[in-house]
Amino acid sequence: MIEINDLTKQFGDKTAVSHLSMQIEPGEVMGLIGQNGAGKTTTFRMILDFIDPTSGSVTWDGGPITAEKRQKLGFLPEERGLYQKMSIEDQVLYFAELHGMKRADARIALRDWMKRLNVVGKPEDKVQSLSKGNAQKIQLIATVIFNPTFLILDEPFSGLDPVNTELMMQEILNLKQQGAMIIFSSHDMAGVEKLSDQLTMLRHGETVLQGAPTEIRESFGRTELYLEAPTPTDILASIDGVASIETQGDGRLLHLSNPEAGKTVFEIATQAGYIPAFAQEPPTLDAIFRREVAAGEVK
Amino acid sequence: MQKKQLGIVIRQTFVNRLKTVGYWLLVLTPILILAAIAGISFIVQATQNNAAPKIGVVQNQALVHYLDDQHQLDADIKGYTKSSTANKALADEKIDAVLVEHEQQFTLTKRANAQSIDEKTLQSALTQYNTVKQAQALHVSDKTLQQLMTPPKINTHVQSQKGVNKDGANSSRANYAVAVALGILIFMFLTSYVGMIAQEIANEKSSRIMEILLAATSPGVQFFGKIGGIGLLALLHGAIYIVLGVIASVWLPKIRQLKNALDMLQGIDWSFALMTMLIVIVSIFLYMVLTAIIAAMVNDLSQVQQAVAPVTYLSLIGYILTFVLNGQPHNVFLNVLSYVPFVSQTLMPARLGLQYATITQAAIALVLEVVALYFLSKYGLRVYKRNVLTYREGNITKAALLSLKGLFKSH
């Protein structure tokens, strides 16, 4: 288990990360969200011992992250880096060897991974000949080929098209099922919600939200109501607890200040009988994220 | 486990560079240049006209006989009774020069396109001719004349620290020549490998590969792994030259330039060669450690040259001082500098070659280098760790020098 206890990092008088705590169990995925400069990468760098925390600690199974444990730690940095003039095989095997994997095993695994991720090219091809998407896949392969126990992924989906994003998400879920502890950062809220068992939202280094995505969403109440019904908008707007209404596709999205207003909306909308859609849900992670960011800016 | 990772990084750095065209250009270019020089020199020698110049001597049959008999001058001597005949022969390019004597003064008239005449030897021969003539006029016997004209013989013995060396002059000359040649070679090695290690570290840092590597290993493994890998390339480079030298000396002994070089190497004191080699090897590692520390400051590859420029200037100090060393055995400044790490790699071998320093003094310089290497590696690793994942803006040279100030600060 990875335990981060009261981790703080200050650069001069600027606090990059403030009193961050979290736990990641085996087979669990922690999503880290926040604006640029919120402290996500600084958190990763402290976990990796690239920089020393001002206070707090990071432990792996109750102890420090030793050289032996590092062998089972995979890291995908935000700014991707590969040896451009080296062949795919040479560099993936090099990274695998540094993580204690035998070259022969890594060679076999590389072919398997390239097939699974639909990488266009041969292991002997130089990285500079690959497209950006394929190079990103190779980067991911280099990060996970040795079956890491602990995986840190900094913006793993940036620059990927939806098909490749889905492919990569599937592989992350596979690693999770194999028992890996995973922490990743992303701006793709749908992806975060899909992958994460727990998530932490940072704002200017402060932890503003933490917990399971569904719990976090539910904590905001079921204040989003999607409705497809012939009821006039002015009648809906006059209901107590309806804060605002906006058109969304074939229906309307009602923002409620009080979730209880949903019952009244349902009664009025169904007075004439059948309606095609009525869905009262908590706000999406994306909406929560925007709301929290806006709240931070107001402060 | 760290040892295993260190081995992997060394192997990767070594093999990767070994596969590049750049490394083999670095190794082979000096050989190709030498081969080209030797080839051009061979062609020039093979095609040059070796015919002896023809000198016409006017109205002086005695001089004609004297020059012919002496064989001092590599020239065909021909006598002319008339000056006009000699001048016509010169104009018709039948002879290369006309020599005329007038009251013991000689005039040599040459064609512009004449074969080369050794005027120094000619002057010496004419001086002797005049002396013989004067001696005959004074009725000096041939035996006495022979004694008068025999130059004294000087046997040179050099009293070095190791004792009397009968071939001292040759040995010292050989060692100095080798020391100067080594100075050039060492400078070339240092600048090449300083650039190579800087490129290696800067490439990984700027492309963020360093972050992936340091997630798996420690900064120490990367630091010493890179230095080890590039160091092995430098050693291989040196070994290739030694092997090629041996092969050339065995297979191509008839080439004149090579024979001259081999003759010079015969005069080498092998304790000098061994000590020089050790000093040079340690200095290469010393410079690479310093460069690795500074290169860790670099944000992208375009800053490499700027960052390592101070290191190149440092290596230039020892290189330049080697050329002013000859004839200054008691220069305190140079003597002290020859012990100073970063400068000693060229100065001490040169002093040793000139027998201005003993092998013990060279050993002291070597020990000082090893001590400097130990402490620079130990404390440099801290700075490397601090710099290698830090991306700064502004003047990189200034930042590099400031960073070195923190060398002995605790973590």
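Residues numbered from 1 in each chain as written. Chains lettered and ligands numbered in written order. Predicted model: local features only at pLDDT ≥ 70, side-chain atom pairs only at ≥ 80, totals over all residues. Heavy atoms only, no water.

### Quick word on the overall build of chain A
Within chain A, the secondary structure is distributed over 11 helices and 13 strands. Taken over the C-alpha atoms alone, chain A extends approximately 70 × 45 × 30 Å along its principal axes. Every one of the 299 residues in chain A was classed for burial, and the buried ones make up 54%. Restricting the contact set of chain A to residue pairs at least 6 apart, pairs at least 24 apart contribute 66%. For chain A, the exposed surface amounts to about 13,400 Å²; the carbon and sulfur share of it is 50%. Of the side-chain charges in chain A, 29 are positive and 41 negative, and the distance between the mean point of each set is 8 Å. (Helix = DSSP H or I, 4+ residues; strand = E, 2+ residues; numbered from the N terminus. Buried < 20%, exposed > 50% of the residue type's maximum accessible area, 1.4 Å probe, protein only. Contact = heavy atoms within 4.5 Å. Areas by Shrake-Rupley, 256 points an atom, 1.4 Å probe, with all protein chains shown as cover. Lys, Arg positive; Asp, Glu negative; His and termini not counted. Charge placed at Lys NZ, Arg CZ, Asp CG, Glu CD.)

### Section: the sheet that holds strand 13 (residues 277-281) of chain A
By definition, the strands of a sheet pair up through backbone hydrogen bonds, in either a parallel or an antiparallel sense. Residue and element names in this part refer to chain A. Strand order in this open sheet of four strands is 11-12-10-13, and the pairing throughout is antiparallel. Sheet topology places strand 11 (242-248) and strand 13 at the edges, where each strand pairs with a single neighbour. Across the sheet, the mean angle from the axis of one strand to that of its neighbour is 15°, orientation sign disregarded. Direction of pairing for strand 10 (residues 224-228) relative to strand 13: antiparallel, over a ladder of five bridges. Across the sheet, residue E228 finds its bridge partner in strand 13, namely A277. (Pairing = 2+ DSSP bridges. Axes fitted to C-alpha atoms, helices over the stretch in contact; angles between N-to-C directions.)

### Quick word on the packing of helix 14 (residues 344-353) of chain B against helix 15 (residues 359-388) of chain B
Residue and element names in this part refer to chain B. Contact geometry for helix 14 and helix 15: axes closest at 10 Å, N-to-C directions at 170°. Judged by the inter-axis angle, helix 14 sits roughly antiparallel to helix 15. Listed contacts from helix 15 to S344, Q345, M348 and L352 of helix 14 are I359, Q361, A362, A365 and E369. Class assignment for the residues of the contact of helix 14 with helix 15 results in five nonpolar, three polar and one charged. (Parallel < 35°, antiparallel > 145°, perpendicular 65-115°, else oblique. Nonpolar A, V, L, I, M, F, W, Y, C, P; charged D, E, K, R; others polar.)

### Considerations on the interface of chain A and chain B
Between chain A and chain B, the residue contacts involve 26 residues of the former and 25 residues of the latter. Together, the buried faces of chain A and chain B total about 2,300 Å²; carbon and sulfur atoms form 56% of this surface. The closest approach of N and O atoms between R11 of chain B and E97 of chain A, which form a salt bridge, is 2.4 Å. Between the two partners, chain A and chain B, sit eight residue pairs in polar contact (both at pLDDT 80 or more). (Buried area = accessible area lost by both parts, 1.4 Å probe. Salt bridge = Lys/Arg side-chain N within 4 Å of Asp/Glu carboxyl O. Polar contact = N/O pair within 3.5 Å; in protein donor to acceptor, adjacent residues only side chain to side chain.)

### Looking at the domain arrangement of chain A
Taken domain by domain, chain A holds domain 1 (2-217) and domain 2 (222-281). Relative placement of domain 1 of chain A and domain 2 of chain A: their C-alpha centres are 41 Å apart. (Domains from an automatic or database assignment.)

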